[in-house]
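Per-entry structural report
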Amino acid sequence: MNPQLELSQIQTFEGKYPKQLWWLFFSEMWERFSFYGMRGVLTFFMVNQLMMSESVANLQYGATQAFVYAFTFVGGLFADKILGFRRSLMWGGLLMIIGSLILAVDPKDYFFIGIAFNIVGTGFFKPNISSMVGTLYKDDDVRRDAGFSLFYSGINVGALLGGYLCVYLGKTYSWNLAFGLTAIVMTISVATFAFSQRYLGPIGLSPRHGQPDEAKTRWYDWATYAGSLAIIPVIITMVSKTDLTDYFMYTIGPLTLIYVGYEMARSTPDERKKLAAAMVFILFSIIFWAFFEQSGGSLSLFAANNLEPYSVFGWFSIDPNGVNNSSNSLFVIIFAPLLGLLWVALAARKREPNTVVKFGLGFLFLAAAFWIFFATRFFANEKGITSLGVFTGAYLVITFGELCLSPIGLSIMTKLSPKKLQGVMMGMWFLASAYGQYAAGLLGAGMTSPLPEATPLDKLTSYTAGYQQLALYALVAGVVLLAISPLVRKLMGEVK
Ligand code: GLN
């Protein structure tokens, strides 16, 4: 660490991006490689190797995803109160490496053990690296959203590479190798972060750093490490029995709301208003993710049932599920920097839409995208096979919705949360994703054709009818957000 580096020196950087952002960019890129690599493998692995039925695998997948994002709240909380962002990240990264190694050794027998390590590890890693990006900027720096957009591109470079490579390695060579790769890549992520610490000055140190009782309270850290290991057997049980996941989801949300209410009561009126605004964003994001995350569920079945591989000049063929898994990431990589630059250019002209309006726009894009998914039915042949091009077009539009909401959401959490609650609020933001994932599964299940021997055409009709409904609800949510924007802006005070 460079002890000379002051926070103000870091925050008064020249140019578009602080140089520390690149370290966080690469560390998160590798972490997401590992995360999405594993995510892309899970369902397939459970069906093909663990011999689960498709419906059980889907539920199991939903449970895993919900747990991963739910633990980000815990990880954020412990970072704020005890570990600080840096130790949380290192600890989370270490747990993820261990989890991946366990899976690499024996993915079948140790499946849930490896997954549980990854759940807790991601909880400590994911929200806190995002919060650290926010600390690189002064409160009123207009370059913050652009920085989060760049960071978001890194997430998607990792997602694209990991999502493609791991499943490829698993299917072609061996599953041990696929999980082994996630362990290697996660090690690169942790090493990158460890190296970056010298440039971070005081950022991310423990909240007890420099306090007179620092040495005496050092055991808090050890207790946190021990506690997070002790919880792993509980998670193994809960994640492997999906009805326990339901109870978990019924409980964790209300408990966290009570906790945030308690923190709000202890805050100043100005902080309280900002936290209330943050909660509006968080609640709307649940709806957003519940629709968006159809991509991992119903849309992947749609791709499998109602789309055909596309041959590029007869040279090679593009698999519809590959398109479903990777087109979104590819579009994010292409468009996130451009949109980031657009926000900066608009800000320079004082024309940048504020965050509430961006969220509203995000929902309008979401509505348009689901309308296009619905409209694929007009391009279908009599067998129910429809156009891969139109389907990909919907992913292009949904990506713009994601870019108006997801990186902006990360950014606004760091702006609206008082310093002492940065990690918790980032955890709340990702907890919304947990509920989104959970709801996405329920919505997807509700859209399946009720016919026992459904043909591809029946499935197309049934899913696209569901997508039409989602388009309508997304439109309503967008309009409501735009309508309440003056109120939310008032709560946000000087934050844009
Ligand atoms: N795709 C983004 C990421 O992995 C957002 C995920 C989410 O918040 N649901 O970071």
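Residues numbered from 1 in each chain as written. Predicted model: local features only at pLDDT ≥ 70, side-chain atom pairs only at ≥ 80, totals over all residues.

1. Re the overall build of the protein chain
For the protein chain, the helix and strand inventory stands at 16 helices and two strands. Its C-alpha atoms give the protein chain a radius of gyration of 22 Å, within 12% of the compact-globule value 23 Å for 496 residues. The principal-axis extents of the C-alpha atoms in the protein chain amount to approximately 75 × 55 × 45 Å. Expressed as a percentage of its 496 residues, the buried residues of the protein chain come to 52%. Summarising the internal contacts of the protein chain: among those between residues at least 6 apart in sequence, 83% fall at separations of at least 24. (Helix = DSSP H or I, 4+ residues; strand = E, 2+ residues; numbered from the N terminus. Rg over C-alpha atoms; globule rule 2.2 N^0.38 Å. Buried ≥ 20, exposed ≤ 12 C-beta atoms within 10 Å, placed from the backbone. Contact = placed C-beta atoms within 7 Å.)

2. A word on the confidence of the model for the protein chain
A residue-level look at the protein chain finds 99% of positions with pLDDT of 70 or above and a mean pLDDT of 90. No element of the protein chain has a lower mean pLDDT than strand β2 (residues 316-318), at 81, and none a higher one than helix α13 (residues 355-375), at 97. (pLDDT = per-residue confidence, 0-100.)

3. Remarks on the site of the ligand
For the ligand, the full set of nearby residues is R32, I155, W289, S406, F430 and S433. Of the residues contributing to the shell around the ligand, the split by class is three nonpolar, two polar and one charged. (Near = placed C-beta within 6 Å. Nonpolar A, V, L, I, M, F, W, Y, C, P; charged D, E, K, R; others polar.)

4. Some words on the packing of helix α10 (residues 269-292) against helix α16 (residues 456-492)
In the contact formed by α10 and α16, the axes pass within 11 Å of each other and the chain directions differ by 170°. Looking at the two axes, α10 sits roughly antiparallel to α16. On α16, the residues touching K273, K274, A276, A277, V280, F284, I287 and F291 of α10 are L470, A474, A477, L481, V488, L491 and M492. Of the residues that constitute the contact of α10 with α16, the class distribution is 13 nonpolar, no polar and two charged. (Axes fitted to C-alpha atoms, helices over the stretch in contact; angles between N-to-C directions. Parallel < 35°, antiparallel > 145°, perpendicular 65-115°, else oblique.)

5. Re helix α11 (residues 298-306)
Three or more residues of α11 are buried, namely S298, L299, F302 and N306. An end-on view of α11 places all buried positions within 95° of arc, on one side of the element. Where α11 is buried, its residues contact α12 (320-348), α15 (422-447) and α16. (Arc of directions from axis to C-beta.)

6. Examining the packing of helix α4 (residues 111-135) against α15
To describe two helices that pack against each other, one gives the angle between their axes and the distance between the axes. The geometry of α4 relative to α15 is characterised by a closest axis approach of 9 Å and an angle of 120° between their N-to-C directions. With respect to each other, α4 and α15 are oriented oblique. Relative to α15, the crossing made by α4 is right-handed. Contact residues: α4 offers K126, P127, N128, S130, S131 and G134, while α15 offers Q422, G423, M426, G427 and F430. Among the residues forming the contact of α4 with α15, the class breakdown is three nonpolar, seven polar and one charged. (Left-handed = near helix turned anticlockwise from the far one by under 90°.)

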